[in-house]
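Fold and contact review
If you want the building blocks of each chain, they are given just below.
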Amino acid sequence: REFLRDLRGMGIPSVCWLFDLYWGYRRENEIAYNMAPWTGADIVFTTDGGHDAMWKKYQIRHFLLRQGIDARVTMGTPTYPTEAEVGFVGSRLTWAGWPYRGTLLDFLKSTYGGRFGHFGDSPATQVRHQDLNNLLATLKIAICDTVSSPRYWSNRIYETIGRGGFAIHPRIAGLGEEFTEYEHFIPYTVGNFRDLKQKVDYYLEHDEDRERIRRAGFEHTHENLTYTHRVKELLRILEEQKII
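Residues numbered from 1 in each chain as written. Predicted model: local features only at pLDDT ≥ 70, side-chain atom pairs only at ≥ 80, totals over all residues. Heavy atoms only, no water.

On to the overall build of the chain. Counting its regular elements, the chain contains nine helices and eight strands. Along the first, second and third principal axes, the C-alpha atoms of the chain reach 60 × 35 × 35 Å. Total accessible area on the chain stands at roughly 12,400 Å², and carbon and sulfur atoms take up 51% of it. Looking at charge distribution, the chain has the averaged site of its 31 positive side-chain charges lying 3 Å from that of its 32 negative ones. (Helix = DSSP H or I, 4+ residues; strand = E, 2+ residues; numbered from the N terminus. Areas by Shrake-Rupley, 256 points an atom, 1.4 Å probe, with all protein chains shown as cover. Lys, Arg positive; Asp, Glu negative; His and termini not counted. Charge placed at Lys NZ, Arg CZ, Asp CG, Glu CD.)

With that settled, the discussion passes to the nonpolar core. Among the nonpolar cores identified, the biggest contains 28 residues, and L104, L108, I141, I143, I168, L196 and V200 are the most heavily contacted of them. Looking at this core, the elements with two or more residues in it are strand 4 (86-89), helix 4 (100-112), strand 6 (141-143), strand 8 (186-188) and helix 7 (193-205). Sort the elements by how many residues they give to this core and helix 4 lands first, with six residues. Once residues within four sequence positions are removed from consideration, L104 is found in contact with I143, C144, D145, Y188, F193 and L196. (Core = buried A, V, L, I, M, F, W, Y, C linked by side-chain atoms within 4.5 Å. Buried < 20%, exposed > 50% of the residue type's maximum accessible area, 1.4 Å probe, protein only. Contact = heavy atoms within 4.5 Å.)

A few words on the packing of helix 4 against helix 7. Between helix 4 and helix 7, whose axes approach to 12 Å, the crossing angle comes to 50°. With respect to each other, helix 4 and helix 7 are oriented oblique. Of the two possible hands of crossing, helix 4 and helix 7 adopt the one that is right-handed. The residues of helix 7 that touch helix 4, namely those facing Y100, T103, L104, F107, L108, T111 and Y112, are F193, L196, K197, V200, D201 and L204. Classifying every residue of the contact of helix 4 with helix 7 gives nine nonpolar, two polar and two charged. (Axes fitted to C-alpha atoms, helices over the stretch in contact; angles between N-to-C directions. Parallel < 35°, antiparallel > 145°, perpendicular 65-115°, else oblique. Left-handed = near helix turned anticlockwise from the far one by under 90°. Nonpolar A, V, L, I, M, F, W, Y, C, P; charged D, E, K, R; others polar.)

On to helix 5 (residues 129-138), then. For helix 5, the complete set of buried residues consists of L132, N133, N134, L135, L136 and T138. Residues of helix 5 that are buried sit in contact with strand 4, strand 5 (116-119), strand 6 and helix 6 (156-161).

Moving on: the packing of aromatic side chains. Per the counting criterion, the structure on display carries 16 aromatic pairs. Plain terms: the ring middles of W23 and W55 are 5.8 Å apart, the flat faces sit at 75° to each other, and that makes the pair edge-to-face. Taken together, the positions of W23 in the loop between strand 1 (15-18) and helix 2 (28-32) and W55 in helix 3 (residues 52-57) put the pair 32 residues apart, joining distant regions of the chain. W55 sits in the buried class, given a relative accessible area of 2%. Taken together, the ring pairs connect Y22, W23, W38, W55 and Y58 into an aromatic cluster. The side chain of R66 reaches across the aromatic face of W153, ending 3.7 Å from its centre. (Phe/Tyr/Trp six-rings, centres within 6.5 Å; stacked < 30°, edge-to-face > 60°. Lys NZ or Arg CZ within 6 Å of the ring centre and 35° of its normal.)

Below, the structure is given as structure tokens:
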């Protein structure tokens, strides 16, 4: 806080860009109890598009700025050492107050057995960079998940589609502003495992449909949703708000 005050005293604007969800999630008390120094920045960008009233209530000058993919990322090769055809990348998230993740993973494992793989469940087993590209090229289907919050989704969809993966992702209000259903990814209704299974089973067997969507999603993400695009938007907002 002292640093932000010093910047303000010198006439230097402060800008913060956060990727984590706060309102409606375990971190919201950091704001409510004044435990988050970044709330004092002149401009705060987050990926949360559904809590305008809460940002205003706490007098935080907030703007929505979503995540994306590094423009340098390329598709991988199907060389990752796994027999799985369906996979999930990430932790069970039991520590974060989102129990659905564990239910989803248990369903996939019980339904698909060895055809399903869970990757990166702990810091020691994380799959990153070219290894992640190759994993997504090896899997036929990548199942996505995100903590449920209005007009919010994690960067998993960008990191999956933008690395050449075929994604089945929960249907979320607002996501259609970034991706087109059945053109760039396959949606399913959270908690409807019958819906999810029907879609997984279909795309496991329809290689041409799956490959068309996978490539279209990759191209769309790199043409419209890279961090280069996001930084340009950030600078546009700062200029509009007379910060720069």
